[in-house]
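# Architecture and fold: a report
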Amino acid sequence: AFNAHDIQIARPFAHITYKDAMNTYGTDAPDLRYDMTFGDVTAIFKDCDYKIFQSIATSGGSIKGFALPGLAETLSKNMLQNDLANKAIKACGGKGLTWMKVLENDTFESNIVQFFTKDALIAAKEALNASVGDVMVFVADSSLASVNQVLGRFRVMMAERFNLIPEDTFSACWITEFPLFELNDGHLTSLHHPFTKPTTPLHDGLSQDDILNVTANAYDIVINGQEVGGGSLRIHDAKEQETIFKLLALSDEEIDQKFGFFVDALTYGTPPHGGLALGIDRLVSIILNTPSIRDVIAFPKNRVAFCPLTKAPSSV
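A brief look at the structure comes next. Since the structure is predicted, the reported quantities are computational estimates derived from the model, not experimental observations. (Residues numbered from 1 in each chain as written. Predicted model: local features only at pLDDT ≥ 70, side-chain atom pairs only at ≥ 80, totals over all residues. Heavy atoms only, no water.)

### Points about helix α8 (residues 252–266)
With 15 residues, α8 should cover 21 Å at 1.5 Å per step; its first-to-last C-alpha distance of 16 Å lies more than 12% under that length. Along α8, the largest kink reaches about 85° and is centred on F259. As for α8, its buried residues are in contact with α7 (238–247). (Helix = DSSP H or I, 4+ residues; strand = E, 2+ residues; numbered from the N terminus. Expected span 1.5 Å × (residues − 1). Bend = angle between axes of the 7 residues up to and from the residue. Contact = heavy atoms within 4.5 Å.)

See below:
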């Protein structure tokens, strides 16, 4: 049974850009029921004596971390080093993890604390919004995207493992300003699909960097770290749609063969349009706190996306 009076709203409905979500939470579907936001300490540790950090910071890499709240006493040195740094972080795709306990009077405990000045450690503590009794954890890599992704997975893992997620709480946000394009194996592709309207006009003279910085009129609704809806404004101008196709390296023949009917339809004066699709089953799953969305789907597929009822997919 579900009682609406048991719902606690964690904070007002937030609005976060895709870039901020990735840099702060390591995912475009952040769980805002708990904090543990990322802090960038690359510049702070650039001149430290810890060779791994020094090398990555001076060669254009990134060092970021977050604070595990109130776990300094719970987590022993052995657990931090052998469990979290050697096993858990690798399960999240990371190469390694550095940790420091925050103690009273601006003192810190770690097996590498001697390689850092006190000023640098205090600055790192401030960057991570850490308090006495917290454990600061850091990930370093030559790729900022990799650091964000690894920390994002690790953040969720730690929150679940140490019961840091408030119960019966719902925290929602809009994610906006997604990139219009991304690079896959060196080729430009649409992040969502090629019919999403860009936020700024496009033209043939843009460099690849300029193109990758163009954002889309797209938006997602995220609740408790799960995407429950998404949508966009669509391109309604035939020339703009053709420009997108050409930026994606489609020839005139390919455009005509695959999308000719669509481009032709736009020439008749399609009005501006857009929308939002909500996943009702996902929403119900979150409200009922079910372990799997399959528990609330009327005719769920099995784990290989096969429907036992209709035998789909099958030949038409």
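### Some points on the sheet that holds strand β9 (residues 172–176)
To summarise the sheet geometry, strands pair through backbone hydrogen bonds and adopt either a parallel or an antiparallel arrangement. The strand order across the open sheet built from five strands is β2-β9-β12-β13-β14, with neighbouring strands paired in mixed fashion. Both edges of this open sheet fall to β2 (14–17) and β14 (273–278), since each of them pairs with a single strand only. Put simply, the sheet's adjacent strands are angled 20° from each other on average, direction ignored. Of the strand pairs in this sheet, β9 and strand β12 (residues 218–223) are connected by five bridges, and their pairing is antiparallel. Residue pairing for β12: I175 is matched across the bridge by D220. Sheet strands touched by helix α1 (residues 18–25): β2 and β9. Its angle to β2, the strand with the most contacts, is close to 90°. The strands touched by helix α9 (residues 280–288) within the sheet are β12, β13 (226–234) and β14, with β13 carrying the most contacts at an inclination of about 150°. (Pairing = 2+ DSSP bridges. Axes fitted to C-alpha atoms, helices over the stretch in contact; angles between N-to-C directions.)

### Here's the deal with the sheet that holds strand β7 (residues 135–141)
Here we have five strands laid out as an open sheet, ordered β3-β4-β7-β5-β6, and antiparallel in their pairing. One side of each edge strand has no neighbouring strand; the edge strands of this open sheet are β3 (39–40) and β6 (107–109). Judged from the two bridges that link them, β3 and strand β4 (residues 62–68) form a sheet pairing that is antiparallel. Within the sheet, the bridge partner assigned to G39 lies in β4 and is G65. Where helix α4 (residues 118–127) meets the sheet, it contacts β3, β5 (98–103), β6 and β7, and its direction lies at approximately 95° from that of β7.

### Topic: the packing of α7 against α8
It is the contact of α7 with α8, at a shortest axis distance of 10 Å, that shows an interaxial angle of 160°. The orientation of α7 with respect to α8, classified from their angle, is roughly antiparallel. Both α7 and α8 take part in a crossing whose hand is right-handed. Where α7 abuts α8, its residues A238, Q241, E242, F245 and K246 lie against D252, I255, F259, F262, V263 and L266. Residues that form the contact of α7 with α8 fall into these classes: seven nonpolar, one polar and three charged. (Parallel < 35°, antiparallel > 145°, perpendicular 65-115°, else oblique. Left-handed = near helix turned anticlockwise from the far one by under 90°. Nonpolar A, V, L, I, M, F, W, Y, C, P; charged D, E, K, R; others polar.)

### Some details on the side chain of D31
Along the chain, the position of D31 falls in the loop between α1 and β3. Polar contacts involving the side chain of D31 include one to the side chain of R33, which spans 2.6 Å. For D31, the contacting residues outside a window of four places in its chain are R155, N224 and G225. (Polar contact = N/O pair within 3.5 Å; in protein donor to acceptor, adjacent residues only side chain to side chain.)

### Structural notes on the environment of I223
Of note, I223 is situated in strand β12. The spatial distance from the C-alpha of I223 to the C-alpha of R33 is 9.2 Å, given a sequence separation of 190 residues. Contact partners of I223, with chain neighbours within four places excluded, come to F170, S171, A172, V228, L283 and I286.

### Brief notes about the pattern of salt bridges
Following the criterion strictly, the structure yields five salt bridges and no others. Put simply, R33 and D31 hold a salt bridge, and the shortest N to O gap is 2.6 Å. (Salt bridge = Lys/Arg side-chain N within 4 Å of Asp/Glu carboxyl O.)

### A few points about the packing of aromatic side chains
One pass over the structure, following the stated rule, counts 17 aromatic pairs. Aromatic pair F195 and F259: ring centres 5.8 Å apart, planes at 75°, arrangement edge-to-face. Residue F195 is located in the loop between β11 (187–190) and α6 (208–212), and its partner F259 is located in helix α8; the two are separated by 64 residues in the primary sequence. Joined through ring pairs, the aromatic side chains of F45, Y50, F53, F115, F116 and F138 make up one cluster. (Phe/Tyr/Trp six-rings, centres within 6.5 Å; stacked < 30°, edge-to-face > 60°.)

### Focus on the environment of T189
The residue T189 is located in strand β11 in this model. By relative accessible area, which is 24% here, T189 ends up partly exposed. Residues T189 and L212, 23 residues apart in the sequence, show an inter-C-alpha distance of 9.9 Å. Apart from residues lying up to four places away in sequence, T189 is in contact with L180, F181, E182, N184 and L248. A polar side-chain atom of T189 sits 3.1 Å from a polar atom in the side chain of N184. (Buried < 20%, exposed > 50% of the residue type's maximum accessible area, 1.4 Å probe, protein only.)

### Digging into α4
Taken as a whole, α4 has its buried residues at A120, L121, I122, A124 and K125. Backbone geometry just after α4 places N129 at a positive phi near 55°.

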